[in-house]
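# An overview of the molecular structure
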Amino acid sequence: MKDQIKKFLNEEQDPKAIEKVTSKLQDILMKNEEVGYIAVQKKPALTVLPDSIVVTTKRIIICQPKNLGLSMNFIDYTWDDIEGTFVKENILGSEFSFSTKTEMQVSIDYIPKIQARKIFTYAKEQLDILKNGAVQSVITEEIAPTLIHESELIEEMETEEVTDFAEIMPVVSNYAEPIAENTNASTEKKTSELTQDELFAKLQNYKKLLDNGLILQGEYDAFKKEILSYM
């Protein structure tokens, strides 16, 4: 606990106030929530129970001691709720304030100037992270449906089984002419009469034959080239 307190005593924060706040924060922090900075009021007159501002990776927490320090009120605002943060430097300390999306203004005065600057900088960083994350999320949501659709089409073509080989295998006669010549002649005649949808279906069927090991890659490439010439 002492090491944790020392981390927030770099800018003359009240050690007793920091110790009291950190001891109670342990019970209210959420999972994976980390404290980034703590600023403590420092009024000109003796302040027995100063208010504190805690900024974490998830929210801003206003800590207000009550009942002579025996209890403490915590008021928190998540970064999603915050519209903007502001710092106004006065002769005696600074005023840190922020506005919410519900048009609420929250401010704490008499924050030492260096502490106010630190807490303001940390708040701006968190708001920037939130803003950039939202933009990236929108871009991902727009791209994802297209990628999924293309993936489904490819998977359907690659995994579908061939059920009717007679429709796609070229007819080979029993005459003495070379098989390749008969195959080409038959293919040219049939392919030239097919519609665009039929040509695409025929190309898919050749792909299935290739995937099932029924034709060679070279044969598939030749069929594909010929079919594409008619599309």
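Just above sits the structure.
Every chain is numbered independently, its residues counted from 1 as its sequence is written. It should be noted that, the model being predicted, local features are given only for residues of pLDDT at least 70 and side-chain atom pairs only at 80 or more, the latter also being counted only at that level, while totals for whole chains, interfaces and linings use all residues. Based on all heavy atoms of the structure, the side-chain values leave hydrogens and waters out of the count.

## Digging into the environment of Asp76
Comment: elements are numbered from the N terminus, with helices defined as DSSP H or I runs of at least four residues and strands as E runs of at least two. Locating Asp76 in the fold gives a position in strand S4 (residues 71-78). Distance from Asp76 to Ile60, taken between C-alpha atoms, is 5.5 Å for residues 16 residues apart in sequence. For this analysis, residues touch if any pair of their heavy atoms sits within 4.5 Å. If sequence neighbours within four positions are ignored, Asp76 has contacts with Arg59, Ile60 and Ile61. Nitrogen and oxygen atoms within 3.5 Å of one another constitute a polar contact, given that in protein one can donate a hydrogen and the other can accept it, and given that sequence-neighbouring residues count only through two side-chain atoms. For Asp76, the side chain forms a polar contact with the side chain of Arg59, separated by 2.8 Å.

## A closer look at unusual backbone geometry
Of note, Glu103 is a non-glycine position whose phi angle comes to about 65°, a positive value. Within the element layout of this structure, Glu103 appears in the loop between strand S6 (94-100) and strand S7 (105-111). Phi at Tyr110 is positive, roughly 55°, even though this residue is not glycine. Mapped onto the fold, Tyr110 is located in strand S7. Burial here depends on accessible area, computed with a 1.4 Å probe over protein chains only, as a share of the maximum for the residue type. Under 20% is buried, over 50% is exposed, and the range in between is partly exposed. Exposure remark for Tyr110: the relative accessible area of 30% places this residue in the partly exposed category.

## What to know about the sheet that holds strand S2 (residues 52-56)
The strands making up a sheet associate through hydrogen bonds between their backbones, and the pairing can be parallel or antiparallel. DSSP calls a pair of strands paired once it identifies at least 2 bridges connecting them. Taken together, four strands build an open sheet; the order of strands is S1-S2-S3-S4 and the sheet is antiparallel. Two strands bound the open sheet, and with one partner strand each, they are strand S1 (35-40) and S4. On average, each strand axis in the sheet is tilted by 20° relative to the strand beside it, whichever way the strands run. Relative to S4, strand S3 (residues 59-66) runs antiparallel, the two sharing eight bridges. Between N-to-C directions, angles span 0 to 180 degrees; the directions come from axes that are lines fitted to C-alpha atoms, helices contributing only their stretch in contact.

## Regarding helix H6 (residues 217-228)
The first and last C-alpha atoms of H6 sit 16 Å apart over 12 residues, in line with the 16 Å expected at 1.5 Å per residue. Along H6, the positions that sit buried rather than exposed are Tyr220, Phe223, Glu226 and Ile227. Within H6, the buried residues cover an arc of 135° as seen down the axis, which keeps them to one side. For a helix, the expected span equals 1.5 Å multiplied by the residue count minus one. For this quantity, the arc is that covered by the directions from the helix axis to the C-beta atoms.

## What to know about the nonpolar core
Residue types Ala, Val, Leu, Ile, Met, Phe, Trp, Tyr and Cys, when buried and joined through side-chain atoms within 4.5 Å, form a set referred to as a nonpolar core. Formed by 19 residues in total, the largest nonpolar core has its most connected members in Ile53, Ile60, Ile62 and Phe98. Of all the elements in the fold, those that place two or more residues in this core are S1, S2, S3, S6, S7 and helix H3 (113-159). It is H3 that contributes the most residues to this core, five residues altogether. Ile18, Val54, Cys63 and Met72 belong to the second-largest nonpolar core, a separate cluster that totals 12 residues.

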